[in-house]
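# Examination of the molecular architecture
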Protein chains: 2
Amino acid sequence: MKKFLHILVLLAAALTLTACGNLKNSDLANNAKTSNTKTKTYQTTDTGNNGYTVLLKNGHYVTSPIAGLTATGNDNSVDTREIERGLVQISKGVYSTNSYVFQEGQYISAATANDWLARKSKSNPSGLNPEQGEKKHYKPFYLEEILEQDYLTGSGSNYHIGGISIGLAMNSIDYYQKTTGGPEYQEQISRTAQTTAGQTAAEQIVMRLRQRKALKKIPITIGLFSKTSKDSLVGGTYFLSGTAAANSSKITKWKSISAQAEVLPTVGNKKAINSSDASSFNSFKESIQNYFPNISGVTAILRYENGKLSQENISITTQFYGYEQVQSFTRLVLSTAKKYLANDVPIEIKIGSVNDIQALVAKETGDSSYQVHIYGGE
Amino acid sequence: MKKFLHILVLLAAALTLTACGNLKNSDLANNAKTSNTKTKTYQTTDTGNNGYTVLLKNGHYVTSPIAGLTATGNDNSVDTREIERGLVQISKGVYSTNSYVFQEGQYISAATANDWLARKSKSNPSGLNPEQGEKKHYKPFYLEEILEQDYLTGSGSNYHIGGISIGLAMNSIDYYQKTTGGPEYQEQISRTAQTTAGQTAAEQIVMRLRQRKALKKIPITIGLFSKTSKDSLVGGTYFLSGTAAANSSKITKWKSISAQAEVLPTVGNKKAINSSDASSFNSFKESIQNYFPNISGVTAILRYENGKLSQENISITTQFYGYEQVQSFTRLVLSTAKKYLANDVPIEIKIGSVNDIQALVAKETGDSSYQVHIYGGE
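These figures come from a predicted structure and were not determined experimentally.

### Some thoughts on the overall build of chain A
The helix and strand inventory of chain A stands at six helices and 18 strands. Per-residue burial for chain A yields a buried fraction of 53% across its 378 residues. Expressed as a percentage of contacts within chain A between residues at least 6 apart in sequence, the contacts between residues at least 24 apart total 59%. Roughly 17100 Å² of accessible area belongs to chain A as shown, and the carbon and sulfur atoms make up 49% of that amount.

### Quick look at the pattern of salt bridges
All names here are of chain A. Counted by the stated rule, this structure contains 12 salt bridges over all chains. Residue E145 pairs with K227 through a salt bridge whose shortest N-O separation is 3.0 Å. One end of the pair, E145, is in strand β6 (residues 143-155); the other, K227, is in the loop between β10 (220-226) and β11 (237-244), with 82 residues separating them in the sequence. According to the relative accessible area criterion, K227 is buried, its value standing at 1%. Through salt bridges that share partners, D79, E145 and K227 make up one connected network.

### Points about the domain arrangement of chain A
Residues and elements named next belong to chain A. For chain A, the assigned domains are domain 1 (23-257) and domain 2 (262-374). Taking the mean C-alpha position of each, domain 1 and domain 2 sit 33 Å from one another. Contacts between the two partners involve five residues from domain 1, matched on the other side by seven residues from domain 2. Summing both sides of the interface, domain 1 and domain 2 together bury roughly 450 Å²; the carbon and sulfur share of this comes to 57%. Connecting domain 1 to domain 2 are one salt bridge. A salt bridge links E82 to R303; the nearest nitrogen and oxygen atoms lie 3.0 Å apart. Applying the counting criterion to the domain 1 and domain 2 interface returns one residue pair in polar contact (both at pLDDT 80 or more).

### What about the sheet that holds strand β15 (residues 308-318) of chain A?
All names here are of chain A. Judged by pairing direction, the sheet is mixed, and its six strands sit side by side in the order β13-β14-β15-β16-β17-β18 without closing on themselves. Strands with a single pairing partner mark the edges of an open sheet, and in this sheet they are β13 (259-264) and β18 (371-374). Averaged over all adjacent pairs, the angle separating strand axes in this sheet is 10 degrees, with direction ignored. Pairing geometry for strand β16 (residues 347-352) and strand β17 (residues 357-363), over six bridges, is antiparallel. Across the sheet, residue I349 finds its bridge partner in β17, namely V361.

### What about the packing of aromatic side chains?
Under the definition given, this model contains 14 aromatic pairs over all chains. Aromatic side chains Y95 of chain A and Y151 of chain A sit 5.1 Å apart centroid to centroid with 15 degrees between the ring planes, which places their arrangement in the stacked category. Placement of the pair is Y95 of chain A in the loop between α2 (77-92) and β5 (101-104) and Y151 of chain A in strand β6, with a sequence separation of 56 residues. When the ring of F102 of chain B is compared with that of Y151 of chain B, the centres are 5.8 Å apart and the planes differ by 70 degrees; the resulting orientation is edge-to-face. Of this pair, F102 of chain B sits in strand β5 (residues 101-104) while Y151 of chain B sits in strand β6 (residues 143-155), and the two are 49 residues apart along the sequence. You'll find F102 of chain B and Y151 of chain B in the same group, each marked buried.

### Remarks on the sheet that holds strand β17 (residues 357-363) of chain B
Residue and element names in this part refer to chain B. Taken in spatial order, the six strands make up an open sheet running β13-β14-β15-β16-β17-β18, and their pairing is mixed. Edge positions in the sheet fall to β13 (259-264) and β18 (371-374), since each of these pairs with one other strand and no more. Recorded for the sheet is a direction-independent mean angle of 10 degrees between the axes of neighbouring strands. Relative to strand β14 (residues 295-305), β13 is paired through six bridges, and the arrangement is antiparallel. Bridge pairing links A259 to E305 in β14. Against the sheet, helix α5 (residues 275-291) engages β13, β14, β15 (308-318) and β16 (347-352), with an angle of about 160 degrees to β14.

### Let's talk about the environment of S256 of chain A
Residues and elements named next belong to chain A. Inspection of the secondary structure puts S256 in strand β12 (residues 254-256). Put simply, S256 and F239 are 17 residues apart on the chain and 5.7 Å apart in space, counted from C-alpha to C-alpha. Setting aside anything within four residues of it in sequence, one finds S256 in contact with F239 and L240.

### Here's the deal with the packing of α5 of chain B against helix α6 (residues 323-340) of chain B
Residue and element names in this part refer to chain B. For the pair α5 and α6, the least separation of the axes is 10 Å and the interaxial angle reads 150 degrees. Comparing their axes, α6 and α5 come out roughly antiparallel. For α5 against α6, the interelement crossing comes out right-handed. Residue-level inspection shows S280, S283, F284, S287, I288 and Y291 of α5 in contact with α6, the latter providing F329, L332, V333, T336, A337 and Y340.

### Quick notes on unusual backbone geometry
All names here are of chain A. The linkage connecting L264 with the following residue, P265, adopts the cis geometry, with an omega of -5 degrees. Tracing the sequence through the fold places P265 in the loop between β13 and α5 (275-291). Here N247, not a glycine, exhibits a phi torsion of approximately 80 degrees, which is positive. Within the secondary structure, N247 is located in the loop between β11 and β12.

### Considering α6 of chain B
Between its first and last C-alpha atoms α6 of chain B spans 26 Å; for 18 residues at 1.5 Å apiece the expected length is 26 Å, and the two agree. Buried residues dominate α6 of chain B, accounting for 14 of its 18 residues.

### Quick look at the pairing of strand β11 (residues 237-244) of chain B
Residues and elements named next belong to chain B. With respect to burial, β11 is a largely interior element, seven of its eight residues being buried. As defined by bridge partners, strand β10 (residues 220-226) adjoins β11 across seven bridges and the pair is classed as antiparallel. Bridging across to β11, L224 finds its partner in L240. In this structure, β11 lies alongside strand β12 (residues 254-256), joined through three bridges in antiparallel fashion.

### Side note on the side chain of Q194 of chain A
For Q194 of chain A, the position within the fold is in helix α4 (residues 191-210). When sequence neighbours within four positions are dropped, the list of residues in contact with Q194 of chain A reads M170, N171, S172, I189, S226, K227 and F239 of chain A.

### Re the pairing of β18 of chain B
Residue and element names in this part refer to chain B. Here β18 shows no split at all, with Q371 and H373 on one side and V372 and I374 on the other all buried. As paired elements, β17 and β18 share four bridges and run antiparallel to each other. Along β18, the bridge assignment pairs V361 with V372.

### With respect to α5 of chain A
The α-helix winds at 3.6 residues per turn, so residues separated by three or four positions along the chain end up facing the same way. All names here are of chain A. Over its 17 residues, α5 runs 25 Å from end to end, which matches the ideal 24 Å to within 8%, given 1.5 Å per residue. Listed as buried for α5 are D277, A278, F281, F284, K285, S287, I288 and Y291. The backbone nitrogen of S276 lies 2.9 Å from a side-chain oxygen of the residue at the head of α5, namely N274.

### With respect to the packing of helix α6 (residues 323-340) of chain A against helix α2 (residues 77-92) of chain B
It is the contact of α6 of chain A with α2 of chain B, at a shortest axis distance of 8 Å, that shows an interaxial angle of 75 degrees. Comparing their axes, α2 of chain B and α6 of chain A come out roughly perpendicular. Here α6 of chain A contributes Y323, E324 and Q325 of chain A to the contact with α2 of chain B, which in turn contributes R81, E84, R85, V88 and Q89 of chain B. When its residues are assigned to classes, the contact of α6 of chain A with α2 of chain B shows two nonpolar, two polar and four charged.

### Here's the deal with the side chain of N313 of chain A
By secondary structure assignment, the location of N313 of chain A is in strand β15. Within the local environment of N313 of chain A, its side chain forms a polar contact with the side chain of Q311 of chain A, the two groups lying 2.7 Å apart.

Conventions and cut-offs
Residues numbered from 1 in each chain as written. Chains lettered and ligands numbered in written order. Predicted model: local features only at pLDDT ≥ 70, side-chain atom pairs only at ≥ 80, totals over all residues. Heavy atoms only, no water. Helix = DSSP H or I, 4+ residues; strand = E, 2+ residues; numbered from the N terminus. Buried < 20%, exposed > 50% of the residue type's maximum accessible area, 1.4 Å probe, protein only. Contact = heavy atoms within 4.5 Å. Areas by Shrake-Rupley, 256 points an atom, 1.4 Å probe, with all protein chains shown as cover. Salt bridge = Lys/Arg side-chain N within 4 Å of Asp/Glu carboxyl O. Domains from an automatic or database assignment. Buried area = accessible area lost by both parts, 1.4 Å probe. Polar contact = N/O pair within 3.5 Å; in protein donor to acceptor, adjacent residues only side chain to side chain. Pairing = 2+ DSSP bridges. Axes fitted to C-alpha atoms, helices over the stretch in contact; angles between N-to-C directions. Phe/Tyr/Trp six-rings, centres within 6.5 Å; stacked < 30°, edge-to-face > 60°. Parallel < 35°, antiparallel > 145°, perpendicular 65-115°, else oblique. Left-handed = near helix turned anticlockwise from the far one by under 90°. Expected span 1.5 Å × (residues − 1). Nonpolar A, V, L, I, M, F, W, Y, C, P; charged D, E, K, R; others polar.

Structure (structure tokens):
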């Protein structure tokens, strides 16, 4: 993670926004380059199915200087991806993908984010995590990560900021040590506590962003995300979102988000979110294990939105990699998927041996058909 | 590899062919099962684009007991896959995919293969590698692996062997030690020496298989494969093939196979097989590295048949995994591939970060269009 941050910081330094002279818009596919090396140019790149067009700067993808910063080092890769993906989904409801283009956040600097993520104290009055003070009872870090996404409008040679989205990743468990190098303790944080701390931090952040001239008159959208435990196989979800309208410094209405995710098969006595989806998965799993006994694992991650299955990602680990065996197994997976799995949901089935991926069976959207790819060619 | 072999041996033991009573054919998609557990049933599974249908036995894929056995332990996974894939390609020219179904080899046992792969000696007269004797000069192991593939004909409830293919993997380098635990030496083996040793072993094997009642009157096809060095990134290729016609114990005509493979970019002063393909790849590589500087590696494996590019597999390693960054990078790869890479060749582009695969851009055949998949869903 440190290496990743290091690279991000270097990149951010190299790509910091500066005032631009003669701006030029060109579609990436045209691969247009300006002959005057002193001018800065924008390009855009399409992101496919209902996604945002992404703004490139001088031909480069622009990263945010605060991506990956944490308050206590509590990160896992499944959360990281969901924090970003979920905020894009929330933003789609506010900033139309037809009118706005996406850029990773450029307004909150790494130094600012580090101050905000730290505890409030005399030396750090802008800290958004609670002051520990002299009190005996440990006060947890509620706010773990801040993510900024910028949504720009414009056309031709001129793009300007049109809206901003901020994701606040709230711990559901705060991991801490009482003494350096001592044992690790866990503090559970309730949804109520996450909500209170998250809404308070959101108000502060909106007020602070309004001080910036460029951000005075644009909508600011905030999403509150609940992080999972360190060892979770499935990322957390956003649970609340709200928008401060242009000119306003308040989020007047918070909207709850009903999103859930689970791993199948469930562990112990844990009940599946939807027993019918779980039973379809079990039929799929048993059927392929009947034909190819040499399979060491079949697991699935299911995501639900508003109580309805929205994505199913299945991972199959085999102990073989023979050419015809992989070919025929993949075809079996395809026919079994068609037989048992949901028809109207995007599905990804990743077939891998211990160290390498072997094949993919996937449907990209609910109403598309399956595509099959066997790695290494036929 | 040992674990893999162990599993294969267990499987083979469980699945050894026995005389079958009431045979029943059913398409796998129908998922038919017999209620009489004493009878054996066959099922078949389609293997897609111009491939063989695979015969399953009692619902299970049947593996060969000799897959993965080696004379000196000189194996690498890129060779292993090509030995199998290449023999399927050779077999397609002899056993039509419309009339024959595929099964991994069931006639040569592990004990037999181990004897054949060992040196000839008084105690092992059937050894196909040269006797070392008392002579001072080291005699290399030429034959490293034997692969058997069975091609069956039949329909309804009855399948029987219709042809057999044997792949002989010949070392291009024999690695050996003069004393146990001592330094490793290498003996280079010329193509001429591979050919002589391979053709001699092939004649022996055909004569021996003809002793078996079931194999007296079927074609036997032999392919000679040249293995690469232990640390090669790209598998070896078949260089000769021949068929002993039904009833004949001789391969009267050997056909040379013109197949090559290379890794791009080339190392040192090594010339690419085809400079135009190499320059297309370089343009592709430079173009995406211009837009996304944070890419640590872009390499390709190109396969040629009869001097013509037949498959290009590109691997891109990134140091990022942000959601929108992967999305937009994948779209850029797609448009860049369309611009620079061959139109009429199957292409696979695997996009991965250090430990995990992120996305796939691939066209399955020369005349199909690209498909795109981003792992984890949109």
